[in-house]
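Listed here are the chains, written in short residue letters.
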Amino acid sequence: MGSSLLKGSEMAGRKVKMYTLSTCSHCKAAKRFMVDHGIDFDYTDVDLLDGAERMRAIREVRAYNPACTFPTILIGDEVIVGNDESRLTEALGLREAGGGMTAEGLYEMLRKTQEPKGYHFSDDRAHVFDLLRALIKNKERYGYMCCPCRLAADDPEWDSDIICPCAYREADVTEYGSCYCGLYVSRAWKEGGEERRYVPERRPAEKIRF
Ligand code: SF4
């Protein structure tokens, strides 16, 4: 049994749902694309299902994509077959009219997805936009949005703990009210109800690759 629902998802009111295979490199790349862009999504690894669940999932995929190929991605009413990053970028509203992603576009996208989870942008807007531009730069450099305040290994598997939002954000915001970089803060921190302290590095030193 392997229905792999990651988390409830909504992108500007449009749910993102993917039918995938756990073994497929295109499906893995599509999942990574969503993670790298801070998109909440649900996915079902159809190959991990058995019996009636598997049949139901195959029927669902066929209804959207008669060839039943993977990944089959639903963004609201739009169906995207395959890991077509250009179409995904358009459908998710990641591209501005002029072409590449802008800090303003990223700000709006992340604000909509992260605030409902209790993660707010710092009130230091200049600092926030510096970090957002750095995230976009790291995406261009490495292919993933590595934390701007940490040394990347240029290896997405190795750096998976520091792809923004990093694995340490929850603990940092809970304990200090802010993530390590000062991009995401708690509501109390933002409203001045929490002491603003230095956030020490939580990532183990062994993760720095020489
Ligand atoms: S410390 Fe903050 S900015 Fe850096 S990756 Fe974590 S959440 Fe993102």
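Along each chain, numbering runs from 1 in the same order as the chain's sequence is written. Residue-level local features of this predicted model are given only where pLDDT is at least 70; pairs of side-chain atoms are given and counted only at 80 or more, and the full residue set underlies all totals for whole chains, interfaces and linings.

Being near a molecule or strand means, for a residue, that its backbone-placed C-beta atom lies within 6 Å of it. Among the 13 residues in the neighbourhood of the ligand, the closest are listed as Cys147, Cys164, Cys166, Cys179 and Cys181. Partitioning the shell around the ligand into residue classes produces 12 nonpolar, no polar and 1 charged. Residue polarity follows a fixed list, in which Ala, Val, Leu, Ile, Met, Phe, Trp, Tyr, Cys and Pro are nonpolar, Asp, Glu, Lys and Arg are charged, and the others, Gly among them, are polar.

With that settled, consider the pairing of strand S4 (residues 78–81). Only strands joined by at least two bridges in the DSSP assignment are considered to pair. A run of DSSP states H or I qualifies as a helix once it reaches four residues; a run of E qualifies as a strand once it reaches two. Both are numbered from the N-terminal end. The pairing of strand S3 (residues 72–75) with S4 spans 4 bridges and is antiparallel. In the sheet register, Ile73 faces S4, and the bridge partner there is Ile80. Hairpin geometry of S3 and S4 is characterised by an intervening segment of 2 residues between the two adjacent antiparallel strands and by a positive phi of about 60° at Gly76.

Our focus in this paragraph is the packing of helix H4 (residues 103–114) against helix H5 (residues 125–142). Where H4 meets H5, the closest approach of the two axes is 9 Å, and the angle between their N-to-C directions is 100°. Put simply, H4 runs roughly perpendicular to H5. Side by side, H4 and H5 meet where Ala103, Leu106 and Tyr107 of the first sit next to Phe129, Leu132, Arg133, Leu135 and Ile136 of the second. Split into classes, the residues belonging to the contact of H4 with H5 amount to 7 nonpolar, no polar and 1 charged. Axis definition: a line fitted to C-alpha atoms, limited for helices to the stretch in contact. Angles are taken between N-to-C directions and run from 0 to 180 degrees. Between 65 and 115 degrees an angle is taken as roughly perpendicular, under 35 as roughly parallel, over 145 as roughly antiparallel, and anywhere else as oblique. Distance between backbone-placed C-beta atoms decides contact: two residues are in contact if it is within 7 Å.

When the parts of a complex come together, some accessible area is lost, and that lost area is often taken as the interface size. A domain assignment, automatic or from a database, supplies the domain bounds used here. When cut into domains, the protein gives domain 1 (16–91) and domain 2 (103–207). With 5 residues of domain 1 in contact, the opposing surface of domain 2 contributes 8 residues. Considered class by class, the residues forming the side of domain 1 that touches domain 2 number 1 nonpolar, 1 polar and 3 charged.

Let us look at the nonpolar core. Each nonpolar core consists of buried Ala, Val, Leu, Ile, Met, Phe, Trp, Tyr and Cys residues. Their C-beta atoms, within 7 Å, join them into a set. Three exposure classes are used. Buried residues have 20 or more other C-beta atoms within 10 Å of their own C-beta, exposed residues have 12 or fewer, and partly exposed residues fall in between, all C-beta atoms being placed from the backbone. Grouped together as the largest cluster of nonpolar side chains are 24 residues, with contacts concentrated most on Ile163, Leu183 and Tyr184. If you list the elements that add at least two residues to this core, you get H4, H5 and strand S6 (184–185). It is H5 that provides the largest number of residues to this core, a total of 4 residues. Beyond its immediate stretch of four places on either side in the chain, Leu183 contacts Phe121, Ser122, Val128 and Leu131. Membership of the second largest hydrophobic core comes to 20 residues, among which are Met34, Tyr43, Leu74 and Leu92.

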